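One-letter residues, chain by chain:
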Amino acid sequence: QVQLVESGGGLVQPGGYLRLSCAASGSIFSPNAMGWYRQAPGTERELVAQITRGGSTNYADSVKGRFTISRDNAKNTVYLQMNSLKPEDTAVYYCNAEYMDTGYRRYAYWGQGTQVTVSS
C-alpha cells in the first residue's frame, strides 16, 4: 500500500554532485523517519543517512561533510544532496521509510533502488 518513488541517480565524474529524491505515498500516516541506504557489489547494504520528522539526522562516517539529507514533511519526500563524490560512493541507493501507527507498531518500506556511478 505504501510506495516509494526514487529519482536522481546517474553517472558523474569524481568531485561531481547528484541529488536523489524519494517520495512516499499510500498511507494516512506520515513517515516517522526516512533515509538512504546503499549497497555496492560484494558488500552488505549500509545506512548512508537518515532523518526523523523532527529533523534529527544521522550519517555514515564515510559521507559526513559531503552528503546532506533533508525532507519535506508536507510532501513526504526525502532528499540526499551528494557533493564531492568519490568512486567508492558507487552503489545502488535505496530509499527507506519507517511508519508508526496509533498502536505504536512500526512498518518499514523500501524503494526500488537507483544506481549511482562515480567514474572518470
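A quick note: this is a predicted structure, and the numbers were derived from the prediction, not measured.

**As for the sheet that holds strand E7 (residues 67-72)**
Then, number 1: The 4 strands are arranged E1-E3-E8-E7 in an open sheet whose pairing can be described as antiparallel. Two strands in the sheet have a free side with no partner beyond their single neighbour: strand E1 (3-7) and E7. Pairs of neighbouring strands in the sheet enclose a mean axial angle of 15 degrees, with direction left out of account.
Then, number 2: Bridge analysis of E7 against strand E8 (residues 77-82) gives 6 bridges, and the strand direction is antiparallel. Residue pairing across strands places Phe67 opposite Met82, the latter belonging to E8.

**Notes on the state of the cysteines**
Then, number 1: Throughout the structure, instances matching the rule amount to 1 disulfide.
Then, number 2: Across a sulfur-sulfur distance of 2.1 Å, Cys22 and Cys95 are joined as a disulfide pair. With the S-S bond torsion at -90 degrees, the cross-link from Cys22 to Cys95 turns out left-handed. In this pair, Cys22 is assigned in strand E3 (residues 18-25) and Cys95 in strand E9 (residues 91-100), connecting sequence segments 73 residues apart. Both residues of the pair, Cys22 and Cys95, belong to the buried class.

**What about unusual backbone geometry?**
With the exception of glycine, most residues fall at negative phi, and the peptide bonds are largely trans.
Then, number 1: With a phi angle near 50 degrees, Asn76 is a residue other than glycine that sits in the positive phi range.
Then, number 2: Tracing the backbone through its elements, the reader meets Asn76 in the loop between E7 and E8.
Then, number 3: Notably, Ser84 is not glycine yet its phi reads approximately 50 degrees, a positive angle.
Then, number 4: Along the chain, Ser84 turns up in the loop between E8 and E9.

**Considering the packing of aromatic side chains**
Then, number 1: Per the counting criterion, the structure on display carries 2 aromatic pairs.
Then, number 2: Relative to Trp110, the ring of Tyr37 has its centre 5.0 Å away and its plane inclined at 65 degrees; by these criteria the two rings are edge-to-face. Remark: Trp110 occurs in strand E10 (residues 106-110) and Tyr37 occurs in strand E4 (residues 33-39); sequence separation between them is 73 residues.
Then, number 3: Centre to centre, the rings of Tyr99 and Tyr109 are 5.8 Å apart; their planes meet at 80 degrees, and the pair counts as edge-to-face. Residue Tyr99 is found in strand E9, and its partner Tyr109 is found in strand E10; the two are separated by 10 residues along the sequence.
Then, number 4: A relative accessible area of 4% means that Tyr99 is categorised as buried.
Then, number 5: Assessed through its relative accessible area of 23%, Tyr109 is described here as partly exposed.
Then, number 6: Of note, Arg45 hangs over the ring of Tyr94, and the distance from its end group to the ring centre comes to 3.8 Å.
Then, number 7: Across from the ring centre of Trp110, 4.7 Å away, lies the NZ or CZ of Arg45, which sits over that ring.

**Things to note about the nonpolar core**
Then, number 1: The biggest cluster of nonpolar side chains holds 28 residues, and the ones touching the most others in it are Trp36, Leu80, Met82 and Tyr93.
Then, number 2: For this core, the secondary structure elements donating two or more residues are E3, E4, strand E5 (46-52), E7, E8, E9 and strand E11 (114-118).
Then, number 3: Looking at this core, the element that brings in the most residues is E9, giving 5 residues.
Then, number 4: With residues up to four places along the chain from it excluded, the contact list for Tyr93 reads Glu6, Leu20, Trp36, Tyr37, Arg38, Val48, Phe67, Leu80, Met82, Gly113, Thr114 and Val116.

Rules of the game
- Residues numbered from 1 in each chain as written.
- Predicted model: local features only at pLDDT ≥ 70, side-chain atom pairs only at ≥ 80, totals over all residues.
- Heavy atoms only, no water.
- Pairing = 2+ DSSP bridges.
- Helix = DSSP H or I, 4+ residues; strand = E, 2+ residues; numbered from the N terminus.
- Axes fitted to C-alpha atoms, helices over the stretch in contact; angles between N-to-C directions.
- Disulfide = S-S within 2.5 Å.
- Buried < 20%, exposed > 50% of the residue type's maximum accessible area, 1.4 Å probe, protein only.
- Phe/Tyr/Trp six-rings, centres within 6.5 Å; stacked < 30°, edge-to-face > 60°.
- Lys NZ or Arg CZ within 6 Å of the ring centre and 35° of its normal.
- Core = buried A, V, L, I, M, F, W, Y, C linked by side-chain atoms within 4.5 Å.
- Contact = heavy atoms within 4.5 Å.

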